[in-house]
Amino acid sequence: MTETPLIDGADDKARGGDVPAADPRGWALPRTVSVGDLGPLAEPISEHNGQAIAVKPLANHPGWLAKLYRPDQHPEDAHRLDLLISAPDTLPEADRTALYAGTCWPAARIHEPGSPAVGCVIPMAPEQYRAELRRGAFSERRFVEIDWLAKSDESIRGVGLPTPGFAGRLAACRRLTELAAILESLGLVYSDWSFSNAFWSPDQRSVYLIDVDGCQPKKMPDIHQPNWADPLTPPGTDADEYTDRYRLGLLVAKCLTGQRDAHAFHTVAACHWQNQPGVSEVLLDMLLATDRERRPSAAQLGQALDGGPYLRTVPRPARTELPPLPPVVKKYEPAPPKEIHTPPTPTEKKPEPNSHAGWILVLVLAVIVLLVIASNN
């Protein structure tokens, strides 16, 4: 892979707003467009997600989306977007094809008077990344996030997806690492490596990276992501290529092992994958290096995933000093209900016949007789 840093190698002519994009994805639009140029926009498929206020399909151009940003974007975003849009022109053909096929790479910057970066035009993820996910008696057709690869084959089979096995996991991780290596060769920082920012196609054994329009040259603000924090990137400092290497290694380790937590470290350390002898060493160096700037690159990880050699030169803790496993939490089993001795419900007594009723009647009659006699006298 040829190193072609974006900020140094982009062709100045390719940055011009009126130059049609050499884009094999089916729509050669100018690289800067107004909102009106796009025609009617359909109802949003996503709203208030990250830097976007809405993502809307273009009614006249099926398969394309307008990603509209919040109004508080940095003034330099227009120039940054232009650099991203022209970046594929600096790549070898194979890398350019892989980038277009595996990401929603922006095709044009959207502007309007007074706002040079209203948003960007991006392709919709291909249909192959949707699948019917079954949950109990219900099912839903949706994009399959790479999150599912960080689960066991049994869990994946449980929602109706084909189980990947090691071969399927390896193929998906190769594609993911290939995209990361291309971004790194362009001098771009992605930072957002996580479960929700990539789709997975079990049938095609491929992945599709989203939100790539947020890439920045060299460094970018490191937004906190629970469970993805780089231990060697102090809070408040920027994310850079070394942060990317850590998060990529973590994502690949979880997807390759089907483990979502600290077990992934130990599973990687214990594995000696056939035909990929260097994979465990590269991943452990990416995750546990004591010197962040000596973490292996995405290209080195890709070479190991392809069965190539890896020469270790990175200081890191010994395998016996891996992060401790999380405490074992026993599966909750409800205790058997205690035997409760409920006192028998007292039976309702039936009223007994009143034995004094007859005497009362006799007394009443006697009083009446006396009254009659008295009145006659």
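None of these values were measured; they are calculated from a predicted model.

Focus: the overall build of the chain
Here is step 1: Secondary structure assignment for the chain yields 10 helices and 14 strands.
Here is step 2: Here the chain, with 377 residues, has 45% of them falling under the buried criterion.
Here is step 3: Across the chain, contacts joining residues at least 24 apart in sequence account for 62% of those joining residues at least 6 apart.
Here is step 4: Accessible area for the chain stands at about 20,800 Å²; split by element, carbon and sulfur atoms hold 56% of it.

Brief notes about the pattern of salt bridges
It is possible for side chains bearing opposite charge to pair when their charged atoms get close.
Here is step 1: With the rule as written, the count across this model stands at 22 salt bridges.
Here is step 2: Here Asp147 ties to Arg260 by a salt bridge, and the two come within 2.5 Å at their closest N and O atoms. Pair noted here: Asp147 is in the loop between strand S8 (138-143) and helix H4 (153-158) and Arg260 is in the loop between helix H6 (241-257) and helix H7 (263-270), with a separation of 113 residues, a long-range link.
Here is step 3: The buried category is assigned to Asp147, whose relative accessible area is 16%.
Here is step 4: Linking Arg312 and Asp285 is a salt bridge whose minimum nitrogen-to-oxygen distance equals 3.0 Å. Remark: Asp285 occurs in helix H8 (residues 279-288) and Arg312 occurs in the loop between helix H9 (298-305) and helix H10 (357-376); sequence separation between them is 27 residues.
Here is step 5: Shared partners join several salt bridges into a network, and the residues in it are Asp230, Asp240, Arg292 and Arg295.

Some words on H6
Here is step 1: Compared with the 24 Å implied by 1.5 Å per residue over 17 residues, the 24 Å span of H6 between its first and last C-alpha is a close match.
Here is step 2: Of all 17 residues in H6, 16 are buried; the element is thus mostly enclosed.
Here is step 3: Two residues or fewer past H6, Gly258 is found with a positive phi of approximately 75°.

Some points on the packing of aromatic side chains
Here is step 1: A complete count under the given rule lists five aromatic pairs for this structure.
Here is step 2: Measuring from centroid to centroid gives 5.5 Å for Trp27 and Trp64, while their planes differ by 75°, and the two rings are edge-to-face. Note that Trp27 is positioned in the loop between helix H1 (6-9) and strand S1 (32-34) and Trp64 in strand S4 (residues 64-69), a separation of 37 residues in sequence. Of the two residues, Trp27 and Trp64, neither departs from the other in class, the shared state being buried.

Some remarks on the sheet that holds strand S2 (residues 46-49)
Here is step 1: With mixed pairing, six strands are arranged side by side in an open sheet as S1-S5-S6-S4-S3-S2. Single-partner strands in this sheet number two, and they are S1 and S2. For this sheet, the mean angle separating the axes of adjacent strands, direction not counted, is 30°.
Here is step 2: Here three bridges tie S1 to strand S5 (residues 108-112), and the two strands are oriented parallel to one another. Among the inter-strand pairings, Ser34 is bridged to a residue of S5, identified as His111.
Here is step 3: Contacts between helix H2 (residues 77-86) and the sheet are confined to S1, S4, S5 and strand S6 (115-123), with S6 contributing the most and set at about 30° to the helix.

Describing the environment of Leu288
Here is step 1: As for its position among the elements, Leu288 is in helix H8.
Here is step 2: Between the C-alpha atoms of Leu288 and Ala318, which are 30 residues apart in sequence, the distance is 9.4 Å.

Considerations on the pairing of S8
The side chains of a regular strand alternate, residue by residue, between the two faces of the sheet.
Here is step 1: Pairing of strand S7 (residues 130-135) with S8 involves six bridges; the strand directions are antiparallel. Among the inter-strand pairings, Ala131 is bridged to a residue of S8, identified as Arg142.
Here is step 2: Between the end of S7 and the start of S8, which pair antiparallel, lie two residues, with Gly136 showing a positive phi angle near 65°.

A word on the pairing of strand S11 (residues 206-209)
Here is step 1: Covered by surrounding structure in S11 are Ser206 and Tyr208 together with Val207 and Leu209, the residues of both alternating faces.
Here is step 2: In the sheet, strand S10 (residues 198-201) pairs with S11 via four bridges, with the strands oriented antiparallel. Looking at the pairing, Ser201 lines up with Ser206 of S11.
Here is step 3: The hairpin formed by S10 and S11 contains four residues between the paired strands, and Arg205 there has a positive phi angle of roughly 55°.

Focus on helix H3 (residues 93-102)
Here is step 1: Within the sequence span of H3, burial applies to Asp95, Ala98, Leu99, Tyr100 and Gly102.
Here is step 2: Buried-residue contacts for H3 involve helix H5 (165-185) and S11.

What about unusual backbone geometry?
Here is step 1: Phi angles above zero are rare outside glycine, and Ser191 is one such case at about 70°.
Here is step 2: A relative accessible area of 4% places Ser191 in the buried class.

Some points on the state of the cysteines
Where two cysteines share a covalent bond between their sulfur atoms, that bond is called a disulfide.
Here is step 1: Evaluated as defined, the whole model comprises zero disulfides.
Here is step 2: Not part of a disulfide, Cys120 finds its nearest cysteine sulfur in Cys104, a span of 8.0 Å.

Each value, and the rule that gives it
Residues numbered from 1 in each chain as written. Predicted model: local features only at pLDDT ≥ 70, side-chain atom pairs only at ≥ 80, totals over all residues. Heavy atoms only, no water. Helix = DSSP H or I, 4+ residues; strand = E, 2+ residues; numbered from the N terminus. Buried < 20%, exposed > 50% of the residue type's maximum accessible area, 1.4 Å probe, protein only. Contact = heavy atoms within 4.5 Å. Areas by Shrake-Rupley, 256 points an atom, 1.4 Å probe, with all protein chains shown as cover. Salt bridge = Lys/Arg side-chain N within 4 Å of Asp/Glu carboxyl O. Expected span 1.5 Å × (residues − 1). Phe/Tyr/Trp six-rings, centres within 6.5 Å; stacked < 30°, edge-to-face > 60°. Pairing = 2+ DSSP bridges. Axes fitted to C-alpha atoms, helices over the stretch in contact; angles between N-to-C directions. Disulfide = S-S within 2.5 Å.

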